Amino acid sequence: MSAGAVFREALKALRGHELPEQGERDVLAAMEAARPGPLAMLYEAGVEAGLERGMLLRRAAGLYFCFCAANLADDMADGDCHYYGEPLRVGPGVQFALHGLFLATVAQEEVPAPVLAEAARDMVAMAGLQAQEVRTHAWRAAVYRRVAEGISGRQWAVYLRVLWAGTPLAGRAAEVGMGLGVTVHVREDILSQDPRFHSMPEADQRAVVAWTREVVENMRREGLRCVDAVMRTVEPVLGEAG
């Protein structure tokens, strides 16, 4: 229910911009391809921060556009953008629209300019690490950790900086976001058999798992229900990976 409510809010925001029919369909295809993504987590994190429901939904919807833009960029880089007939022609325009939708949506929800500026800096740093990721062919633990922190960790730091702006949890956003992003990154790489993790020597895989366990322990100490719910999905995967 919570994930669906955020997605419906994102649809409402998209339709409010009255894009040409094909343009709206292209954006919607990227939104559908990215589901469920962080929809439920954004909602639960907003509830825990005490956000009023309307603001929660609008901020979370804006952040979902940001996630969709990143997901589309990743799909195009990996050759997985199968939801467009001509992804190299269609995808860049959709990604540009998604970034605009993100800004247009969250800028209306009392997010201070310094918070948006810090989020933008994190997004620039993410792009820099993406450039390293696509050029890495021999993965080792140190490189893997740097990419996990720089891409997924900073991505979740962006989400929580914006979502929790003006709430009692605002000061914890960067640290909690980094931990969430890293643990989800490792979980998904293990489950999806991603070469980033599975092509590493076993010693490096064990090092990454040990590091992630430390992050999980730190996240447990935060004492947040929304974080604990994610950690419960990470711990069994780490156990199976050794």
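Residues numbered from 1 in each chain as written. Predicted model: local features only at pLDDT ≥ 70, side-chain atom pairs only at ≥ 80, totals over all residues. Heavy atoms only, no water.

> How should the side chain of Glu9 be read in this particular structure?
On the secondary structure map, Glu9 appears in helix α1 (residues 2-15). Although Glu9 is buried, it forms no salt bridge, and the closest oppositely charged side chain is Lys12 at an N-O distance of 4.4 Å. (Helix = DSSP H or I, 4+ residues; strand = E, 2+ residues; numbered from the N terminus. Buried < 20%, exposed > 50% of the residue type's maximum accessible area, 1.4 Å probe, protein only. Lys, Arg positive; Asp, Glu negative; His and termini not counted. Salt bridge = Lys/Arg side-chain N within 4 Å of Asp/Glu carboxyl O.)

> When you look at the packing of aromatic side chains in this model, what are you seeing that I'm missing?
To describe a pair of aromatic rings, you give the distance between the ring centres and the angle between the ring planes. Inspection of the entire model under this criterion finds six aromatic pairs. Taking 6.0 Å as the distance between ring centres and 70° as the angle between the ring planes, the aromatic pair formed by Phe7 and Tyr64 counts as edge-to-face. Here Phe7, found in helix α1, pairs with Tyr64, found in helix α4 (residues 53-78); they are 57 residues apart in sequence, far enough to count as distant. Residue classification places Tyr64 among the buried positions, given a relative accessible area of 0%. Residues Tyr144 and Phe197 carry aromatic rings whose centres are separated by 6.2 Å and whose planes lie at 75° to one another, so their mutual orientation is edge-to-face. With Tyr144 in helix α7 (residues 141-163) and Phe197 in helix α9 (residues 195-198), this residue pair connects regions lying 53 residues apart in the sequence. Accessibility assignment for this pair places Tyr144 and Phe197 in one class, buried. Connected via pairs of aromatic rings, a cluster forms that spans Phe7, Tyr64 and Phe67. The lysine or arginine in question, Arg35, covers the ring of Phe7, its NZ or CZ lying 3.8 Å from the ring centre. (Phe/Tyr/Trp six-rings, centres within 6.5 Å; stacked < 30°, edge-to-face > 60°. Lys NZ or Arg CZ within 6 Å of the ring centre and 35° of its normal.)

> Please clarify how unusual backbone geometry should be interpreted in this entry.
Note: most peptide bonds trans; most residues except glycine with negative phi. Look at the link from Arg35 to Pro36: it is a cis peptide, with omega at 0°. In this structure, Glu18 is a non-glycine residue whose phi angle is positive, near 50°. In this fold, Glu18 is placed in the loop between α1 and α2 (21-33). The residue Gln193 is not glycine, and still its phi comes out positive at about 60°. You can see Gln193 is positioned in the loop between α8 (173-191) and α9. Owing to a relative accessible area of 53%, Gln193 belongs among the exposed residues under this scheme.

> Any chance you could explain the packing of α8 against helix α11 (residues 225-241) here in plain terms?
Two measures define how a pair of helices packs: the angle their axes make with one another and the distance between the axes. The geometry of α8 relative to α11 is characterised by a closest axis approach of 9 Å and an angle of 40° between their N-to-C directions. On the basis of their axis angle, the class for α8 and α11 is oblique. In the packing of α8 onto α11, the handedness of the crossing is left-handed. On α11, the residues that touch Val176, Leu180, Thr183, Val184, Val186, Arg187, Ile190 and Leu191 of α8 are Val227, Val230, Met231, Thr233, Val234, Val237, Leu238 and Ala241. Split by residue class, the contact of α8 with α11 holds 13 nonpolar, two polar and one charged. (Axes fitted to C-alpha atoms, helices over the stretch in contact; angles between N-to-C directions. Parallel < 35°, antiparallel > 145°, perpendicular 65-115°, else oblique. Left-handed = near helix turned anticlockwise from the far one by under 90°. Contact = heavy atoms within 4.5 Å. Nonpolar A, V, L, I, M, F, W, Y, C, P; charged D, E, K, R; others polar.)

> For this particular structure, what's the right way to read the nonpolar core?
Within soluble globular proteins, side chains that are nonpolar tend to cluster in buried spots. Counting residues in hydrophobic clusters, the biggest one holds 80 residues, and the most contacted among them are Met31, Tyr64, Phe65, Leu98, Leu160, Trp164 and Leu180. Of all the elements, α4 adds the most residues to this core, at 13 residues. Sequence-distant contacts of Tyr64, defined by excluding residues within four places in its chain, comprise Phe7, Ala10, Met31, Ala34, Arg35, Pro36, Pro38, Leu39 and Leu42. (Core = buried A, V, L, I, M, F, W, Y, C linked by side-chain atoms within 4.5 Å.)

> Is there a simple way to explain the environment of Asp74 in this structure?
Its place among the elements puts Asp74 in helix α4. A sequence separation of 89 residues divides Asp74 from Leu163, and the C-alpha atoms of the two residues are 23 Å apart. If we ignore the near neighbours within four places in the chain, the residues touching Asp74 are Gln130 and Glu133.

> I keep staring at the pattern of salt bridges and nothing clicks. Help me out?
Pairing of side chains with opposite charge becomes possible as their charged atoms draw close. Scanning the entire structure with this criterion turns up 19 salt bridges. The shortest N-O distance in the salt bridge between Glu118 and Arg161 comes to 3.8 Å. Of this pair, Glu118 sits in helix α6 (residues 113-133) while Arg161 sits in helix α7, and the two are 43 residues apart along the sequence. The exposure class assigned to Glu118 is partly exposed, which follows from its relative accessible area of 26%. It is possible to trace a salt-bridge network through shared partners that takes in Glu118, Arg121, Asp122, Arg154 and Arg161.

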